[in-house]
Amino acid sequence: MMKYTTISAAAVALGISHKTDAFTALQIITTPQKVHHAATLDDVAISESDDEVKAVNSKDLKRQQLKQALLGRLGDTNTDSGYDPVLCDPFTQESLSLSSIKGPILGGARSGGVRLSLTSESGDTFEGRTNTYINLLEPASAISEEDEEKTSISRSPILSSLMTLTPPPLRSIIASNSDDVEYVPMRDLFTSPSVSFAYERGWRQGFAAAGFPGVDEEFELATEYFAPVIKQKNDKNEDTVLVDMSCATGLFTRRFTKSNTYSRVIACDYSDSMLTEARRRVNADSEIAESSTNLDLVRCDVAKIPMKTDSVDVFHAGAAMHCWPEIEASLKEIHRVLTPGGRYFATTFLGNYFSTVAGAEKASNGGADVETSMQAFQYFPSVEYLKDLLLDAGFENDNVSVELVGRGCVIMRCEK
């Protein structure tokens, strides 16, 4: 018996798939209605038998056929052809369209994946692969040979781990006196593969000591808070978009995706190693392959969220805000991308939980306060302080709830 796998044009062009068949293919949202396929490429369908995938005479010809179909049939009359309805240039907030596809076609997603190139109207180009993630942290065109020679702690896991353990005075000296080193402790701790490896192997479970609910319970709390927004969209037969920011290894991402509650889940993180581990776990989860939810993995900075204004229905950030260096800008970005009536659910640590770390940093800094940029974490002093941050970001007082659980866990619920 033969079965046929058709490739969604927009899927290959824009996103990271959770499904693997003859090769990974995406299905993205293209209109406000319930439409998950921008186009169907029947002419380039791949036939697959029980024993083997049919050989194709020319991979180059197949690549050209696919590219032509993508460029010619993306989108429909209700949208700008070829533009992602949510993702955008993080610097200009311009829409992103398919520029080119390079790399293997048949069998590619099981090895190197399909290479994507997304271009904004002003010419910024971003890249990614269907079996890893889309990199919207910085344009590929902005990385010069000189930049590649520069040592970024974020790109050096060993240096990242060592610098995180370095006393604040030495961090400042190294970071400020060398043009070849870039270091932000809050950001760079989680770029280490060792941290990514340990995150679901004991690290995250340790948060219970601060009062964090278990992952399953937090997922249920977030789902319950998001439910009215999702129901309202479903009643209108409209697609729903959830963002899981600072997704780490995908603990919540996988749960949101498997729930089949959302049309699209976009999982974001600054760390390459976290996203790599998240992708590995997503691919290993057979339930995700059966989900109707479209899943994208995106590398980005929460202070410059690569998403259009009023484009995200619900936004989740689990145990994350204390690791955001530019906290004020990040919260303003979250408020910007949420749709009117959209909801933000987040958990974070209160500063008292990090008192030992903060005290050690201050002592090693000669008793003086450490600059925020050189701190290991954001040390939020109180729930009132956190609420003020949310109000400053644009949320209204009546729509903000900040709750202390245990001795160090804060749960935030905000509606735009």
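See above for the structure.
We now turn to the structure provided with this report. Computed from a prediction, not measured in an experiment: that's the story for all the values here. (Residues numbered from 1 in each chain as written. Predicted model: local features only at pLDDT ≥ 70, side-chain atom pairs only at ≥ 80, totals over all residues. Heavy atoms only, no water.)

### Some points on the overall build of the chain
Argument step 1. Helix and strand counts for the chain stand at 14 helices and 16 strands.
Argument step 2. Sorting the 416 residues of the chain into buried and exposed places 53% on the buried side.
Argument step 3. A sequence separation of at least 24 residues applies to 70% of the contacts in the chain between residues at least 6 apart.
Argument step 4. Accessible surface, the chain as shown: approximately 17,800 Å² in total, 49% of it carbon and sulfur. (Helix = DSSP H or I, 4+ residues; strand = E, 2+ residues; numbered from the N terminus. Buried < 20%, exposed > 50% of the residue type's maximum accessible area, 1.4 Å probe, protein only. Contact = heavy atoms within 4.5 Å. Areas by Shrake-Rupley, 256 points an atom, 1.4 Å probe, with all protein chains shown as cover.)

### Overview of the nonpolar core
Argument step 1. Core analysis: the biggest nonpolar cluster contains 45 residues, and Met307, Phe315, Met321, Trp324, Leu331 and Tyr344 have the highest contact counts within it.
Argument step 2. In this structure, Phe252, Phe256, Ala319 and Cys323 belong to the second largest nonpolar core, which totals 38 residues. (Core = buried A, V, L, I, M, F, W, Y, C linked by side-chain atoms within 4.5 Å.)

### Observations concerning unusual backbone geometry
Argument step 1. In this structure, Ala248 is a non-glycine residue whose phi angle is positive, near 55°.
Argument step 2. If you trace the backbone, Ala248 turns up in the loop between β10 (241–244) and α9 (251–258).
Argument step 3. A positive phi is found at Asn260, a non-glycine position, where the angle reads about 55°.
Argument step 4. Judged by relative accessible area, Asn260 falls into the partly exposed class, the value being 42%.

### Focus: the packing of aromatic side chains
Argument step 1. Inspection of the entire model under this criterion finds 11 aromatic pairs.
Argument step 2. Members of the aromatic cluster, connected to one another through ring pairs, are Phe219, Tyr225, Phe226, Phe256 and Tyr262.
Argument step 3. In this structure, Arg343 is placed above the aromatic ring of Tyr225, and the distance from its NZ or CZ to the ring centre is 4.4 Å. (Phe/Tyr/Trp six-rings, centres within 6.5 Å; stacked < 30°, edge-to-face > 60°. Lys NZ or Arg CZ within 6 Å of the ring centre and 35° of its normal.)

### Regarding helix α12 (residues 327–337)
Note that an α-helix has 3.6 residues per turn; residues three or four places apart therefore point the same way.
Argument step 1. Counting buried positions along α12 yields eight of 11 residues, so the element is predominantly enclosed.
Argument step 2. The secondary structure elements touched by the buried residues of α12 are β13 (312–317), β14 (338–349) and α14 (383–392).

### Details of the pairing of β13
Argument step 1. Burial within β13 is extensive, with six of its six residues counted as buried.
Argument step 2. With three bridges joining them, β10 and β13 adopt parallel strand pairing. Bridging across to β13, Val243 finds its partner in Phe315.
Argument step 3. The β-α-β motif built from β13, the intervening α12 and the parallel element β14 has right-handed crossover chirality. (Pairing = 2+ DSSP bridges. Right-handed = clockwise from strand over helix to strand, strands pointing away.)

### Overview of helix α8 (residues 215–235)
Argument step 1. Here α8 contains 21 residues, and its C-alpha end-to-end distance of 29 Å stays within 8% of the 30 Å for a straight helix at 1.5 Å per residue.
Argument step 2. Where α8 bends most, the angle comes to about 45°, and this point is Ala227, followed within four residues by the proline Pro228.
Argument step 3. Close packing links the buried residues of α8 with β10, α9, β13, β14 and β16 (409–415).
Argument step 4. Looking one or two residues beyond α8, the residue adopting positive phi is Asn237, at roughly 60°. (Expected span 1.5 Å × (residues − 1). Bend = angle between axes of the 7 residues up to and from the residue.)

### Brief notes about the environment of Arg407
Argument step 1. Along the chain, Arg407 turns up in the loop between β15 (400–405) and β16.
Argument step 2. Distance in space between the C-alpha atoms of Arg407 and Tyr353 is 7.4 Å, their sequence separation being 54 residues.
Argument step 3. Beyond its immediate chain neighbours, meaning those up to four positions away, Arg407 contacts Ala209, Ala210, Asn352 and Tyr353.

### Observations regarding the packing of α12 against α14
Argument step 1. One way to put it is that α12 packs onto α14 with a least axis distance of 8 Å and a crossing angle of 55°. Classed by the angle they form, the pair α12 and α14 counts as oblique. Relative to α14, α12 is oriented so that their crossing is right-handed. Together, Ile327, Glu328, Leu331 and Lys332 of α12 and Leu389, Leu390 and Asp392 of α14 make up the contact between the two elements.
Argument step 2. Of the residues assigned to the contact of α12 with α14, the class counts are four nonpolar, no polar and three charged. (Axes fitted to C-alpha atoms, helices over the stretch in contact; angles between N-to-C directions. Parallel < 35°, antiparallel > 145°, perpendicular 65-115°, else oblique. Left-handed = near helix turned anticlockwise from the far one by under 90°. Nonpolar A, V, L, I, M, F, W, Y, C, P; charged D, E, K, R; others polar.)

### Comments concerning the environment of Ser286
Argument step 1. On the secondary structure map, Ser286 appears in helix α11 (residues 286–289).
Argument step 2. C-alpha separation for the pair Ser286 and Lys258, spaced 28 residues apart in sequence, amounts to 9.9 Å.

### Section: the pattern of salt bridges
Argument step 1. Under the definition given, this model contains 12 salt bridges.
Argument step 2. Here Arg281 makes a salt bridge to Glu277, at a shortest N to O gap of 2.9 Å. Pair noted here: Arg281 and Glu277 are both in helix α10 (residues 272–284), with a separation of four residues, about one helical turn.
Argument step 3. What makes Arg281 buried here is its relative accessible area of 17%.
Argument step 4. Close ionic contact of Glu403 with Arg413 constitutes a salt bridge, the shortest N to O distance being 3.4 Å. (Salt bridge = Lys/Arg side-chain N within 4 Å of Asp/Glu carboxyl O.)

### Observations regarding the side chain of Thr253
Argument step 1. Tracing the backbone through its elements, the reader meets Thr253 in helix α9.
Argument step 2. Residue class for Thr253 comes out buried when judged on its relative accessible area of 2%.
Argument step 3. Of note is the side chain of Thr253, whose polar atom sits 2.6 Å from the side chain of Asp244.
Argument step 4. Leave out the neighbours within four places in its chain, and Thr253 touches Asp244, Cys247, Val265, Ala267 and Leu295. (Polar contact = N/O pair within 3.5 Å; in protein donor to acceptor, adjacent residues only side chain to side chain.)

### So, the pairing of strand β11 (residues 264–269)
If a strand is regular, its side chains alternate between the two faces of the sheet.
Argument step 1. With six of its six residues buried, β11 lies for the most part within the structure.
Argument step 2. The alternating pattern of β11 places Arg264, Ile266 and Cys268 on one face and Val265, Ala267 and Asp269 on the opposite face, and all of these are buried.
Argument step 3. Where β10 meets β11, four bridges bridge the pair, whose relative direction is parallel. Of the residues in β11, the one forming a bridge with Asp244 is Ala267.
Argument step 4. Regarding topology, α9 serves as the crossover connection from β10 to the parallel β11, and that connection is right-handed.

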